[in-house]
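Listed below are the residues making up each chain.
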Amino acid sequence: MGFPKKRESSSEPSPPEQQQPQDQPQQQQARQMWSPYDEGRRNRGPLWAVLGGLGVLGLLAGGLVVMFNAETSAPATTAARQTSDPLPSAPPGEFAYLEQRETDPEPLTVKEVFAGKKITIDGRKYTMTTSRKDTKCAEAVEGAKLEKALKSGKCTMIIRGSFKSSDDKIIGTIGVANLLDTAASKKAESAGGKGERQDYLKALPGKDEITKFLGAGEAGAEVWPYGHYAVMIWFQFKDGHKPSSKESKQLAQAANDVAKATVFKALDARRLTGYPA
């Protein structure tokens, strides 16, 4: 399929300050997405198989996003609550303590989600270049539908981190929004669902010479629920080119690696105990 022309954007977007409130609007980016839950039930460990091709994209200033179809889930850990008291029965539901914020009361922190700057999975290496917490959730996303879904879901924060691959070719941002309950996170997923949408996580450019290009070009973006959290991803090539089918798999693999080592790892501990590891 062809892609519509996009308005030109600067090749060097001005990055926001790390861990500081946004001082200026980030570039807008239109997109279509991969879907991590397209096939079957979730299994232990994210596994993304790219099924679809590229679809017709919407038009905005920042960048265009391509479609990937995939299946994913979060791995479970064996973390236990640090107490001498007997563990109570976990709340009912697929996500146990994460079904609602009431049973997972302690706010996420940047350090908890992004415990280290280096990630290595099966020989693939990534480095975090910047991270940030926004308490005004609308400032970390793009699109009226997603903003509305986060507001109705009582979003208290969105934590984002940006990464680059060891060869400096793939860059991406992963974020997690803290919502009221699972129903709220599913509404956020619907707002950022498949098709021609304008609702997605804003890429978070870094100050370095690689991830400063985040948000310019074509990328894969997605929103999906994990208990009362909405996990959001934006991954692209540094030069923003339209990825081939093989390259789409590479983007999905990179996003999967980073998600597994950061957001999923942090949330899985809470899923079993209701508290950070």
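Structural data are supplied above this passage.
These remarks concern the structure in this document. This structure is a prediction, so every number in the text was calculated from the model and none was measured.

**Details of the environment of lysine 133**
Argument step 1. Of note, lysine 133 is situated in strand β3 (residues 124-134).
Argument step 2. Each C-alpha atom, one on lysine 133 and one on methionine 157, is 6.7 Å from the other, the two residues being 24 residues apart in sequence.

**A few points about the packing of helix α2 (residues 144-152) against helix α3 (residues 182-191)**
Working note: a packed helix pair is described by the angle between its axes plus the distance between those axes.
Argument step 1. Contact geometry for α2 and α3: axes closest at 8 Å, N-to-C directions at 175°. What the angle tells us is that α2 and α3 run roughly antiparallel. Where α2 approaches α3, its residues Lys145, Leu146, Ala149 and Leu150 are matched on the opposing element by Lys187, Ala188 and Ala191.

**As for helix α4 (residues 245-261)**
Argument step 1. End to end, α4 covers 25 Å across 17 residues, agreeing with the expected 24 Å (1.5 Å per residue, within 8%).
Argument step 2. Considered for burial, the residues of α4 that qualify are Ser248, Leu251, Ala252, Ala254, Ala255, Asn256, Asp257, Val258 and Ala259.
Argument step 3. The inward-facing, buried residues of α4 contact β2 (118-121), β3, β5 (157-165), β6 (170-178), β9 (229-237) and α5 (263-273).

**Observations regarding the packing of aromatic side chains**
Argument step 1. In this structure the tally under the stated criterion is five aromatic pairs.
Argument step 2. Centre to centre, the rings of tyrosine 226 and phenylalanine 264 are 5.8 Å apart; their planes meet at 45°, and the pair counts as tilted. Pair noted here: tyrosine 226 is in strand β8 (residues 217-226) and phenylalanine 264 is in helix α5, with a separation of 38 residues, a long-range link.
Argument step 3. For tyrosine 226, a relative accessible area of 1% puts it in the buried group.
Argument step 4. Residue classification places phenylalanine 264 among the buried positions, given a relative accessible area of 1%.
Argument step 5. An aromatic cluster is built from Phe95, Trp224, Tyr226 and Phe264, whose rings are joined through pairwise contacts.

**Comments concerning the pairing of β6**
Argument step 1. Taking burial as the measure, the nine residues of β6 include nine buried ones, the bulk of the element.
Argument step 2. Because side chains alternate across β6, one face comprises the buried residues Ile170, Gly172, Ile174, Val176 and Asn178, and the other comprises Ile171, Thr173, Gly175 and Ala177, equally buried.
Argument step 3. As paired strands, β5 and β6 are joined by eight bridges and run antiparallel to one another. Its bridge partner being in β6, phenylalanine 163 is matched across the sheet by glycine 172.
Argument step 4. The turn linking β5 back onto β6 is made up of four residues, and aspartate 168 within it adopts a positive phi angle of 65°.
Argument step 5. Sheet topology note: the β6/β9 ladder contains nine bridges and is antiparallel. For asparagine 178, the partnering residue across the bridge sits in β9 and is tyrosine 229.

**Focus: the side chain of threonine 273**
Argument step 1. The residue threonine 273 is located in helix α5 in this model.
Argument step 2. On the basis of relative accessibility, which here comes to 4%, the residue threonine 273 falls in the buried class.
Argument step 3. At 3.1 Å, the side chain of threonine 273 forms a polar contact with the backbone oxygen of alanine 269.
Argument step 4. At a separation of 3.0 Å, a polar atom in the side chain of threonine 273 contacts the main-chain carbonyl oxygen of tyrosine 275.

Reading the values: rules and limits
- Residues numbered from 1 in each chain as written.
- Predicted model: local features only at pLDDT ≥ 70, side-chain atom pairs only at ≥ 80, totals over all residues.
- Heavy atoms only, no water.
- Helix = DSSP H or I, 4+ residues; strand = E, 2+ residues; numbered from the N terminus.
- Axes fitted to C-alpha atoms, helices over the stretch in contact; angles between N-to-C directions.
- Parallel < 35°, antiparallel > 145°, perpendicular 65-115°, else oblique.
- Contact = heavy atoms within 4.5 Å.
- Expected span 1.5 Å × (residues − 1).
- Buried < 20%, exposed > 50% of the residue type's maximum accessible area, 1.4 Å probe, protein only.
- Phe/Tyr/Trp six-rings, centres within 6.5 Å; stacked < 30°, edge-to-face > 60°.
- Pairing = 2+ DSSP bridges.
- Polar contact = N/O pair within 3.5 Å; in protein donor to acceptor, adjacent residues only side chain to side chain.

Scope: geometric values only; no functional claims are made or implied.
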